[in-house]
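The chain contents come next:
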Amino acid sequence: MKQVDIVALPGDGIGPEVTSVALDVLKTVCSKYDTELNVTELPFGGTCYEQYGDPVTDEIIDACKKSKVVLLGAVGGPQWDDLSAGKRPEAALLRLRKELGVFANLRPIKVHSALAGASTLKQEVIEGTDFLIVRELTGGVYFGQPRYTSEENGDPFSVDTMRYSRSEVQRVARVAFDAARLRGGRVCSVDKANVLESSRMWRKSIIEVAAEYPDVELSHMLVDNCAMQIIRDPKQFDVMVTGNLFGDILSDAASMLTGSLGMLPSASVGGENGLYEPVHGSAPDIAGKGVANPLAAVASAALLCRYSLQMEEAAQNIENAILKVLESGLRTADLYTKVPGTQLANTIEIAQHLLDLVSDNVVAE
Ligand code: IPM
Ligand code: MN
């Protein structure tokens, strides 16, 4: 049996509940493909702060780097909101992304037909939507220096810096162009080049990379317009590539096409490491109640199979199981609307159904 080591960071809020489902599904699927998963679970975020006084430790970062494959739940919660910047759970996540060098964050936005009625948007607008957001993850205003708070004439002020270098833009651009080659062959780069210097650098750098990909069609869109286009006509997009902050905001907006933020997985890649996490946060309001939607975490586990383990069939096996669960009508509260054929389910019920499905091997469709 092939042995694979991964680190799991369940984190805070609903993180542990959804990660445990994802790990169960992952282990079951891997064993079918003669692969044994050795999971090291470590504290992260607020949970780690409670234990060590820091949201992450050097040892935990080292363990993640060594394993190369990390499955994360979620971080954050109101009890840690007043901590200083470096002690906040989110600081751990940013440090982990930076230290793993995972500069490209892939967020697939796919509307499952079973859920086309679950969105707040009109079914005919969203049905068939299938695009990929490639968000730059280790640069931009999230990391730019200087960054400080000071005071001038008794008026306090704060500074963040949005900085992009050509090489930072071009490496993430290549991830987007490569992805487009395997999809619809179109890349839309999103920036604010009518105002921001860093966006003009972004656009120029993207155009240079496009010359290496004559077979891929490149277009540009301003981020404010893009926010509107995602709602107006989401089917127009194939691959969207954008900076760290814009990608953060646009992907939350895009999640509502899929019915719930609880449906969106993500894969952060670049270099030799992979970090897999649902896009949703720690949802402290429903944490510990057993009602969280585990499907984004489970779909992130599928991406882990695809990108880090090179187990495409295992990935499809998991994705098919998700589809079947949705087709069965089972819905966690975030997706549930009282329509015939659907039934309210909790986290464990969804998990059990998924495990039954992956155990039966539903890969052949
Ligand atoms: C995300 C989250 C994070 C981000 C937070 C928790 C730091 O919103 O992954 O989208 O802003 O990147
Ligand atoms: Mn976000």
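All of the points below concern the structure found in this document. (Residues numbered from 1 in each chain as written. Chains lettered and ligands numbered in written order. Predicted model: local features only at pLDDT ≥ 70, side-chain atom pairs only at ≥ 80, totals over all residues. Heavy atoms only, no water.)

## A look at the packing of aromatic side chains
Now for step 1: Counted under the stated rule, the structure contains 4 aromatic pairs.
Now for step 2: Note on Y148 and F157: the rings are 6.1 Å apart at their centroids and 75° apart in plane angle, and the pair reads as edge-to-face.
Now for step 3: Pairing F177 with Y213 gives two aromatic rings, centres 4.9 Å apart and planes at 25°, and the pair type is stacked. You can see F177 sitting in helix α6 (residues 166-181) and its partner Y213 sitting in the loop between α7 (197-210) and β9 (217-222), a full 36 residues away along the chain. For the pair F177 and Y213, one class covers both residues: buried.
Now for step 4: Between K98 and the ring centre of F143, over which it is positioned, the NZ or CZ distance is 4.7 Å. (Phe/Tyr/Trp six-rings, centres within 6.5 Å; stacked < 30°, edge-to-face > 60°. Helix = DSSP H or I, 4+ residues; strand = E, 2+ residues; numbered from the N terminus. Buried < 20%, exposed > 50% of the residue type's maximum accessible area, 1.4 Å probe, protein only. Lys NZ or Arg CZ within 6 Å of the ring centre and 35° of its normal.)

## Topic: the pattern of salt bridges
Now for step 1: Following the criterion strictly, the structure yields 20 salt bridges and no others.
Now for step 2: With a shortest N-O distance of 3.4 Å, R88 and D81 are connected by a salt bridge.
Now for step 3: With a relative accessible area of 25%, R88 lands in the partly exposed category.
Now for step 4: Since its relative accessible area comes to 39%, D81 is described here as partly exposed.
Now for step 5: The shortest N-O distance in the salt bridge between D191 and R203 comes to 2.8 Å. With D191 in strand β8 (residues 186-191) and R203 in helix α7, the pair connects residues that are 12 residues apart, well separated along the chain. (Salt bridge = Lys/Arg side-chain N within 4 Å of Asp/Glu carboxyl O.)

## Looking at the pairing of strand β10 (residues 239-242)
Now for step 1: The alternating pattern of β10 places V239 and V241 on one face and M240 and T242 on the opposite face, and all of these are buried.
Now for step 2: The pairing of strand β5 (residues 130-136) with β10 spans 4 bridges and is classified as parallel. Bridging across to β10, L132 finds its partner in V239.
Now for step 3: Bridge count for β8 against β10 is 4 bridges, and the pairing is parallel. (Pairing = 2+ DSSP bridges.)

## What to know about the nonpolar core
Now for step 1: Formed by 71 residues in total, the largest nonpolar core has its most connected members in I6, V25, V134, F177, I318 and L354.
Now for step 2: No other element matches the 9 residues that helix α10 (residues 295-307) contributes to this core.
Now for step 3: No fewer than three residues from each of domain 1 (1-101 + 271-365) and domain 2 (109-260) sit in this core.
Now for step 4: Excluding residues that lie within four positions of it along the chain, I6 makes contacts with L23, L26, L37, N38, V39, T40, S67, V69, L71 and L304.
Now for step 5: I109, C188, I230 and V279 belong to the second-largest nonpolar core, a separate cluster that totals 20 residues. (Core = buried A, V, L, I, M, F, W, Y, C linked by side-chain atoms within 4.5 Å. Domains from an automatic or database assignment. Contact = heavy atoms within 4.5 Å.)

## Remarks on the site of ligand 1
Now for step 1: The full set of residues close to ligand 1 is E90, L93, R97, R107, R135, Y142 and D248.
Now for step 2: Between ligand 1 and R107, the relevant distance is 2.9 Å, taken from an oxygen atom to a side-chain nitrogen or oxygen of the residue.
Now for step 3: A distance of 2.8 Å separates an oxygen atom of ligand 1 from a polar side-chain atom of R135.
Now for step 4: Burial of ligand 1 by the surrounding chains reaches 78%, relative to a free accessible area of 320 Å².
Now for step 5: When residues of the shell around ligand 1 are assigned to their parent elements, the largest contribution, 3 residues, is made by helix α4 (residues 89-100). (Near = heavy atom within 4 Å. Polar contact = N/O pair within 3.5 Å; in protein donor to acceptor, adjacent residues only side chain to side chain. Areas by Shrake-Rupley, 256 points an atom, 1.4 Å probe, with all protein chains shown as cover.)

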